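Chain and residue survey
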Amino acid sequence: MSSHYSSSRSAPPMITLFDVPRNTAHSWAPNIWRIRFILNYKRLRYRTQWVEFQDVNATLYKMNAPPTGQSADGQPIYTLPVLVDPTRDPRRPTILSNPNIIAEYLESAYPARPVFPEGSRALQTLFVHYVQEVFSKPLLPIMIPMSYQQLPPAMQSHFPGGAALSGPQKEHAWRAVKEQFDFLAAILDKNTGDGDGDGVLAMGHELTYADFALCAVLIWIERIAPHDGWSRIRTWNSGRWHRLYERCRDYMDEF
């Protein structure tokens, strides 16, 4: 569904997703995977523009992308993902940042194959906020240093890698991660009774934005820490997270 960025003027207008590579041009960042999942699920034509961390500010400033924050000295902060959609008006393409804003735009602009079933937008937004701000927090001391190690040298100085944990520290951190996975598994188990679902998907039966936000975290772990991380998590909670990963596999296209 996606392809490398091409500047060919003869090509029809196509959505562009701006993403950050690691040592190889493969997507790994969870906030960006949330959007890639939606594009794939909705079967939209798009291409990927790879931007290294040291080039993000200059690239996004030049294209008038909305900043996602402000530094202490008042300078705009730019982050990925960014989505550019020229398909509705090639002369004035829509340029968006912030994954939640992009997700809501794609749902409104391309309502076929919805990721926000009717009446679920508020609850899904809350679920995604929980995944990002609570569920993922114990992973950061483990995953950020490991992500840093897999970036090209030119990118490392623009990424807050942090010190790698020692063996005992890492095991302690994994225990905190498992507590979050166990808690979420207990919540999702509420969808297993009276035809509410199989306990894998947040909304019960159909894939939604909430599932993609959660599976984006799983992809981050699987891509960056396949042996130390994913090999653990895929077996937790009776294999629930591996089942979720498999449910989302059809929408993991990158190129």
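You'll find the protein chain entered in an unreviewed UniProt entry as GST N-terminal domain-containing protein, with Coprinopsis cinerea given as the organism. UniProt's Sequence similarities (unreviewed entry) comment on the protein chain is quoted here verbatim: "Belongs to the GST superfamily."

Let us look at the overall build of the protein chain. Of regular secondary structure, the protein chain possesses 10 helices and 6 strands. Computed over its C-alpha atoms, the radius of gyration of the protein chain comes to 19 Å, within 12% of the 18 Å expected for a compact globule of 255 residues. Expressed as lengths along the three principal axes of its C-alpha atoms, the size of the protein chain is roughly 50 × 45 × 35 Å. By residue count, 48% of the 255 residues in the protein chain fall in the buried class. Accessible area for the protein chain stands at about 12,500 Å²; split by element, carbon and sulfur atoms hold 53% of it. Here the protein chain contributes 26 positively and 25 negatively charged side chains, and the mean placements of these two sets differ by 4 Å.

Before going further, it helps to spend a moment on the confidence of the model for the protein chain. When the pLDDT values of the protein chain are averaged, the result is 90; 93% of them are 70 or greater. When mean pLDDT is taken per element in the protein chain, strand E5 (residues 82–85) scores highest with 98 and helix H6 (residues 153–156) scores lowest with 79. Below a pLDDT of 50 lies the segment residues 2–8, which in the model reaches 21 contacts outside its immediate sequence neighbourhood of four places, other chains included.

Right, let's get into the nonpolar core. Leu106 and Trp241 are the most contacted members of the largest nonpolar core, which totals 80 residues. The leading source of residues in this core is helix H8 (residues 209–224), at 13 residues.

Take unusual backbone geometry next. With an omega dihedral of 10°, the bond running from Leu80 to Pro81 counts as a cis peptide bond. Mapped onto the elements of the fold, Pro81 is located in the loop between strand E4 (76–77) and E5. A positive phi is found at Arg43, a non-glycine position, where the angle reads about 60°. Note on placement: Arg43 falls in the loop between helix H1 (30–41) and strand E2 (46–50).

On to the side chain of Asp85, then. Checked against the element boundaries, Asp85 lands in strand E5. Here Asp85 is buried and forms no salt bridge, its nearest opposite-charge partner Arg88 lying at an N-O distance of 5.3 Å. Looking at Asp85, its side chain comes within polar contact range of the side chain of Tyr105, at 2.7 Å. Setting aside chain neighbours within four positions, we find Asp85 in contact with Ile15, Pro93, Thr94, Tyr105 and Tyr110.

Below, the discussion takes up the pairing of E2. For E2, the buried fraction is high: 5 of the 5 residues fall into the buried class. Residue alternation in E2 divides its side chains into two sets, Tyr46, Thr48 and Trp50 and Arg47 and Gln49, and both sets are buried. Where strand E1 (residues 15–19) meets E2, 5 bridges bridge the pair, whose relative direction is parallel. In the strand pairing of E2, Phe18 is matched with Gln49.

Attention shifts here to the environment of Thr68. Mapped onto the elements, Thr68 comes out in the loop between helix H2 (53–62) and strand E3 (69–70). Classification of Thr68 by relative accessible area gives partly exposed; the value is 35%. Sequence separation between Thr68 and Glu254 is 186 residues, and the spatial gap between their C-alpha atoms is 25 Å. Sequence-distant contacts of Thr68, defined by excluding residues within four places in its chain, comprise Ile77, Tyr78, Thr79, Ser97 and Asn98. Side-chain polar atoms of Thr68 contact the side chain of Thr79, separated by 2.6 Å.

Once the domains are mapped, the protein chain shows domain 1 (15–109) and domain 2 (120–251). Computed over C-alpha atoms, the centres of domain 1 and domain 2 are 22 Å apart. The interface of domain 1 with domain 2 comprises 24 residues on the first partner and 25 residues on the second. Around 2,400 Å² of area is buried between domain 1 and domain 2 when both sides are counted, 63% of it from carbon and sulfur atoms. Between Glu104 and Arg121 there is a salt bridge, with its nearest N and O atoms 3.8 Å apart. Along the contact surface separating domain 1 from domain 2 lie 5 residue pairs in polar contact (both at pLDDT 80 or more). The set of elements that each furnish at least two residues to the side of domain 1 that touches domain 2 consists of H1, H2 and helix H3 (99–109).

Thresholds applied
Residues numbered from 1 in each chain as written. Predicted model: local features only at pLDDT ≥ 70, side-chain atom pairs only at ≥ 80, totals over all residues. Heavy atoms only, no water. UniProt positions renumbered as here; feature names shortened; annotations may be inferred. Helix = DSSP H or I, 4+ residues; strand = E, 2+ residues; numbered from the N terminus. Rg over C-alpha atoms; globule rule 2.2 N^0.38 Å. Buried < 20%, exposed > 50% of the residue type's maximum accessible area, 1.4 Å probe, protein only. Areas by Shrake-Rupley, 256 points an atom, 1.4 Å probe, with all protein chains shown as cover. Lys, Arg positive; Asp, Glu negative; His and termini not counted. Charge placed at Lys NZ, Arg CZ, Asp CG, Glu CD. pLDDT = per-residue confidence, 0-100. Contact = heavy atoms within 4.5 Å. Core = buried A, V, L, I, M, F, W, Y, C linked by side-chain atoms within 4.5 Å. Salt bridge = Lys/Arg side-chain N within 4 Å of Asp/Glu carboxyl O. Polar contact = N/O pair within 3.5 Å; in protein donor to acceptor, adjacent residues only side chain to side chain. Pairing = 2+ DSSP bridges. Domains from an automatic or database assignment. Buried area = accessible area lost by both parts, 1.4 Å probe.

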